[in-house]
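# Fold and geometry: a report
Each chain, letter by letter, is given below.
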Amino acid sequence: MSIYTRLLRRLATTAIIAALPFGASAAEKTLTIYTYESFISEWGPGAKVAEAFEKTCGCDVNYVGVADGVELLTRLKLEGDQSKADIVLGLDTNLVAEAKATGFFAPHGLDTAALKVPGGFSDDAFVPYDYGHFAVIYDTETLKNPPRSLKELVEGDPSQKIVIEDPRTSTPGLGLLLWVKSVYGDEAAAAWAKLKDRVLTVTPGWSEAYGLFTKGEAPMVLSYTTSPAYHMVAENTERYQAAPFSEGHYIQIEVAGVTKNAKEPEVAKKFLAFMTSPEFQSIIPTTNWMMPVAATKDPLPDAFGKLVNPQKTFLMSSEEVAANRKAWIDEWLAAMSEN
């Protein structure tokens, strides 16, 4: 049974929101980290990160998981000053301006100049910890001629289905929305109206979408260029591959920040610094299956050298996304609901 099948079964029997404590010490301090569910899944980086950090902080790490990254911001807005989060881990740069506008986040005070992400990223409240380009992942055993551009995806055979994520709840879903907008501009609504016939279903988050894909429900899924590395390293198969798109690929840079109401602000800032360490960065590639932003203790597995390397990267400013996200989601909803 694959890890994705186990994950899907777990999702079917547990609540979307769950608090997961790690560590069994009697430490007086507890660091509460809000994050997305795949980060704290049985195969994700959460447990290893907690174990490594607890050795240095004299604290216990407590994770609170939601389905996906966009829901992190939604939950913070709902909780307001009553939020128990010390750290929010799993927003991305598309949401930074909107997250800062809430007033919930404190300056981190760290020097992040040495961190490297395509296009560069620097912010006084959020620290990047990994990145990856969005991609259509396809099953080579069931799809011999995958789309080689966003245009081919939009205009291709409706019988060849894809699973995508909801931009209202999911950062990959939002990433696809922005990718389509970056390529199609004012014609994005028409592109979605064509693409909807290829969409098998829209899931709340990445975990559900990828689980359906690996169960064979559809030959394609919206994921990351790095996703095939998991299958090559953990399953010793090259069955699942990313389709290189001629227009380019939209990038996701994941970030974390300290909340202003953090009960353990110093421990929280220490965790942000820990995220940029070789120990944390070494955990990310083969658990979160994303690219590191800083030096790792060990070289990346050979599989990472076989991945699609986008020749063009799309990334909108977080201010542009904040100003237009609602309107673009409304456009998506209207197009996807047309008969």
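Residues numbered from 1 in each chain as written. Predicted model: local features only at pLDDT ≥ 70, side-chain atom pairs only at ≥ 80, totals over all residues. Heavy atoms only, no water.

### With respect to the overall build of the protein chain
Counting secondary structure elements, the protein chain contains 12 helices and 13 strands. Across its three principal directions, the C-alpha atoms of the protein chain cover 60 × 45 × 40 Å. A total of 339 residues make up the protein chain; the buried ones form 58% of that total. Considering only contacts in the protein chain between residues 6 or more positions apart, those separated by 24 or more positions represent 79%. Put simply, the protein chain shows about 13900 Å² of open surface, and 50% of that area lies on carbon and sulfur atoms. Averaging the locations of the 31 positively and 43 negatively charged side chains of the protein chain gives two centres separated by 2 Å. (Helix = DSSP H or I, 4+ residues; strand = E, 2+ residues; numbered from the N terminus. Buried < 20%, exposed > 50% of the residue type's maximum accessible area, 1.4 Å probe, protein only. Contact = heavy atoms within 4.5 Å. Areas by Shrake-Rupley, 256 points an atom, 1.4 Å probe, with all protein chains shown as cover. Lys, Arg positive; Asp, Glu negative; His and termini not counted. Charge placed at Lys NZ, Arg CZ, Asp CG, Glu CD.)

### Some words on the environment of Glu-152
Within the secondary structure, Glu-152 is located in helix α5 (residues 150-155). Within polar-contact distance, the side chain of Glu-152 engages the backbone nitrogen of Arg-148 at 2.9 Å. (Polar contact = N/O pair within 3.5 Å; in protein donor to acceptor, adjacent residues only side chain to side chain.)

### A few points about the nonpolar core
In terms of nonpolar packing, the biggest core is built from 110 residues, with Ile-87, Leu-91 and Phe-271 touching the most fellow members. In terms of residue count, strand β6 (residues 126-139) provides more of this core than any other element does, nine residues in total. (Core = buried A, V, L, I, M, F, W, Y, C linked by side-chain atoms within 4.5 Å.)

### Quick notes on the pattern of salt bridges
For the structure shown, the criterion picks out 13 salt bridges. Note that Glu-155 is salt-bridged to Lys-194, the shortest N-O span being 3.8 Å. Taken together, the residues span a long stretch of sequence, with Glu-155 in helix α5 and Lys-194 in helix α7 (residues 188-195) at a distance of 39 residues. A salt bridge links Lys-326 to Asp-330, with the nearest nitrogen and oxygen atoms 3.0 Å apart. With a gap of four residues between them, Lys-326 and Asp-330 both fall in helix α12 (residues 318-337), about one helical turn apart. Judged by its relative accessible area of 62%, Lys-326 falls in the exposed class. (Salt bridge = Lys/Arg side-chain N within 4 Å of Asp/Glu carboxyl O.)

### Structural notes on α12
Taking 1.5 Å per residue, 20 residues should reach 28 Å; α12 reaches 27 Å between its end C-alpha atoms and fits that length. The sharpest bend along α12 reaches about 55° and sits at Asn-324. Within α12, burial applies to Ser-318, Val-321, Arg-325, Trp-328, Ile-329, Trp-332 and Ala-335. The inward-facing, buried residues of α12 contact α3 (69-79), α4 (96-101), α6 (171-184), α7 and β8 (199-203). (Expected span 1.5 Å × (residues − 1). Bend = angle between axes of the 7 residues up to and from the residue.)

### Topic: helix α2 (residues 46-57)
In a regular helix each residue adds 1.5 Å, so 12 residues correspond to 16 Å; α2 covers 16 Å between its end C-alpha atoms and thus fits that length. Of the residues flanking the end of α2, it is Gly-58, one or two places downstream, whose phi is positive at about 60°.

### A word on the state of the cysteines
All told, the structure shown has one disulfide when counted by the stated rule. Put simply, Cys-57 and Cys-59 are joined by a disulfide, and their sulfur atoms are 2.0 Å apart. Where Cys-57 bonds to Cys-59 through sulfur, the torsion about that S-S bond is close to -85°, and the disulfide is left-handed. Cys-59 shares its class with Cys-57; the two are buried. (Disulfide = S-S within 2.5 Å.)

### Quick notes on the packing of α7 against α12
Two elements in contact, α7 and α12, have axes separated by 8 Å at closest approach and are oriented at 40°. In terms of orientation, α7 and α12 fall into the oblique class. Judged by the sense of rotation from one axis to the other, the crossing of α7 with α12 is right-handed. Of the residues in α12, those in contact with Ala-188, Ala-189, Trp-192 and Ala-193 of α7 are Glu-331, Trp-332, Ala-335 and Met-336. Classifying every residue of the contact of α7 with α12 by side-chain character gives seven nonpolar, no polar and one charged. (Axes fitted to C-alpha atoms, helices over the stretch in contact; angles between N-to-C directions. Parallel < 35°, antiparallel > 145°, perpendicular 65-115°, else oblique. Left-handed = near helix turned anticlockwise from the far one by under 90°. Nonpolar A, V, L, I, M, F, W, Y, C, P; charged D, E, K, R; others polar.)

### Comments concerning the packing of α6 against α12
Two elements in contact, α6 and α12, have axes separated by 11 Å at closest approach and are oriented at 90°. In terms of axis orientation, α6 runs roughly perpendicular to α12. Contacts from Leu-174, Leu-177, Leu-178 and Lys-181 of α6 reach α12 at Val-321, Arg-325, Trp-328, Ile-329, Glu-331 and Trp-332.

### Here's the deal with the pairing of strand β7 (residues 162-165)
Neither face of β7 is exposed, since Ile-162 and Ile-164 on one face and Val-163 and Glu-165 on the opposite face are all buried. Pairing between β7 and β8: four bridges, direction parallel. Bridging from a neighbouring strand, Val-163 pairs with Thr-201 of β8. Of the pairings in the sheet, the one linking β7 to strand β9 (residues 220-224) comprises two bridges and is parallel in character. Counterpart to Ile-162 in the pairing with β9 is Met-220. (Pairing = 2+ DSSP bridges.)

### A word on the side chain of Thr-226
Take Thr-226: it is sitting in the loop between β9 and α9 (227-234). Of the polar contacts made by the side chain of Thr-226, one reaches the backbone oxygen of Trp-289; its length is 2.6 Å. Among all residues touching Thr-226, those that are not within four sequence positions of it are Trp-289, Met-290, Met-291, Phe-304 and Leu-307.

By themselves, these observations are geometric and do not establish any function.
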